[in-house]
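Working through the structure, step by step
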Amino acid sequence: MTTLLDPPAPAGLHAAARIVAAPGAGGRTVLPVLEGDGPLALRRLRSHAGAAHVCLVGAMSAPLGGDRLALTAVVEDTAALRFTTTAATLALPGRTGAPAAYDVRLTVGEDATLHWLPEPLISARGSDLAQTVRVDLAASAHLVLREEQVLGRTGEPTGRLTTRLTVRRAGRLLFDQELAFGPRVPGWDGGAVLGGHRAVGQLLVVDPAFAARPAEPRPLGPTAAVAPLAGPAAVVSAVAPDALALRKLLDSAASQLNAVLQPV
């Protein structure tokens, strides 16, 4: 029995991180804001070709059930940012059975570039996570965004995972996709969705050069395809038996799309 004097049950961890990339001297990008707490530890790595490089280092297990995580990145006009993580994000069950939430918000300015390349998100047995990624692009912004989800660790069933990726360019909707897998989600493992595969991913490339040289819709092997969007962009969707096979598919697709964007 509980009373009004009993402490409330743990509600989960609340943590946030923020990145601001701004143009600096000599064509370099600087990081006037780089802050995070809890499991969202950010590290500045060596820049490449003037672009700032930020890596997320998992400082503790997260997200657990009940956690609320938020990550925000702003790339100012003409700046360039590359974002990576040191390891996969592992969604785990918490003590209360409450779902977890991970919200990512990205803003990319005029003539700015963002390469958002985290390691996979793994949905462990018993976990329940909703992840949202919202991207706002200026008309001349460049974006390369990779998402990879792995359903269950080796030899275990998946938890419940819902992801939504929404991208707006110059204020207009460019891409909006929601995926759901695991317990209480009808049909997620059927032939029309995963067909028995356990890894799924997307590669989204937005580049003004696609206006003159659009990507052509085509299959990339039996489990991946590229599709142009209604704007200077293309998306690659893929499923695979595991994370390694998925990464190979998306890396190959990235090389092919990069070849399309190169001047003839």
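Here's a quick rundown of the structure. (Residues numbered from 1 in each chain as written. Predicted model: local features only at pLDDT ≥ 70, side-chain atom pairs only at ≥ 80, totals over all residues. Heavy atoms only, no water.)

Once that is clear, we can look at the overall build of the protein chain. For the protein chain, the helix and strand inventory stands at one helix and 18 strands. Taking 2.2 N^0.38 as the reference for a compact globule, 264 residues should give roughly 18 Å; the C-alpha atoms of the protein chain span a radius of gyration of 19 Å, in line with that estimate. In terms of overall dimensions, the protein chain has C-alpha extents of about 70 × 45 × 30 Å along its principal axes. Looking at the protein chain as a whole, 45% of its 264 residues qualify as buried. Sequence-distant contacts in the protein chain: of pairs separated by 6 or more residues, those separated by 24 or more amount to 70%. Accessible surface, the protein chain: about 12,900 Å² in total, of which carbon and sulfur atoms supply 56%. Once the 24 positive and 22 negative side-chain charges of the protein chain are each reduced to a mean point, those two points are 2 Å apart. (Helix = DSSP H or I, 4+ residues; strand = E, 2+ residues; numbered from the N terminus. Rg over C-alpha atoms; globule rule 2.2 N^0.38 Å. Buried < 20%, exposed > 50% of the residue type's maximum accessible area, 1.4 Å probe, protein only. Contact = heavy atoms within 4.5 Å. Areas by Shrake-Rupley, 256 points an atom, 1.4 Å probe, with all protein chains shown as cover. Lys, Arg positive; Asp, Glu negative; His and termini not counted. Charge placed at Lys NZ, Arg CZ, Asp CG, Glu CD.)

Turning to the nonpolar core, a few remarks are in order. Membership of the largest hydrophobic core comes to 54 residues, with the highest contact counts inside it found for Leu81, Leu106, Trp116 and Val135. With five residues, the top contributor of residues to this core is strand β8 (residues 100-108). (Core = buried A, V, L, I, M, F, W, Y, C linked by side-chain atoms within 4.5 Å.)

Another aspect to go through is helix α1 (residues 243-261). The terminal C-alpha atoms of α1 lie 27 Å apart, and with 19 residues this matches the ideal 27 Å at 1.5 Å per residue to within 8%. Contact partners of the buried residues in α1: β12 (142-151), β15 (199-206), β17 (224-228) and β18 (233-240). N-cap assignment for α1: the residue whose side-chain oxygen lies 3.3 Å from the backbone N of Leu244 is Asp242. (Expected span 1.5 Å × (residues − 1). Polar contact = N/O pair within 3.5 Å; in protein donor to acceptor, adjacent residues only side chain to side chain.)

Any pair of aromatic rings gets described here by the distance separating the centres and the angle formed by the planes. All told, the structure shown has two aromatic pairs when counted by the stated rule. Ring geometry for Phe83 versus Trp116: centroids 3.8 Å apart, planes at 10°, classification stacked. Of this pair, Phe83 sits in strand β6 (residues 80-85) while Trp116 sits in strand β9 (residues 113-117), and the two are 33 residues apart along the sequence. In terms of burial, Phe83 and Trp116 fall into one category: buried. (Phe/Tyr/Trp six-rings, centres within 6.5 Å; stacked < 30°, edge-to-face > 60°.)

With that settled, the discussion passes to unusual backbone geometry. Within the chain, Asp111 stands out as a residue other than glycine whose phi angle is a positive 55°. Within the secondary structure, Asp111 sits in the loop between β8 and β9. Its identity as a non-glycine residue notwithstanding, Arg184 has a phi of 70°, on the positive side. Inspection of the secondary structure puts Arg184 in the loop between β14 (172-181) and β15.

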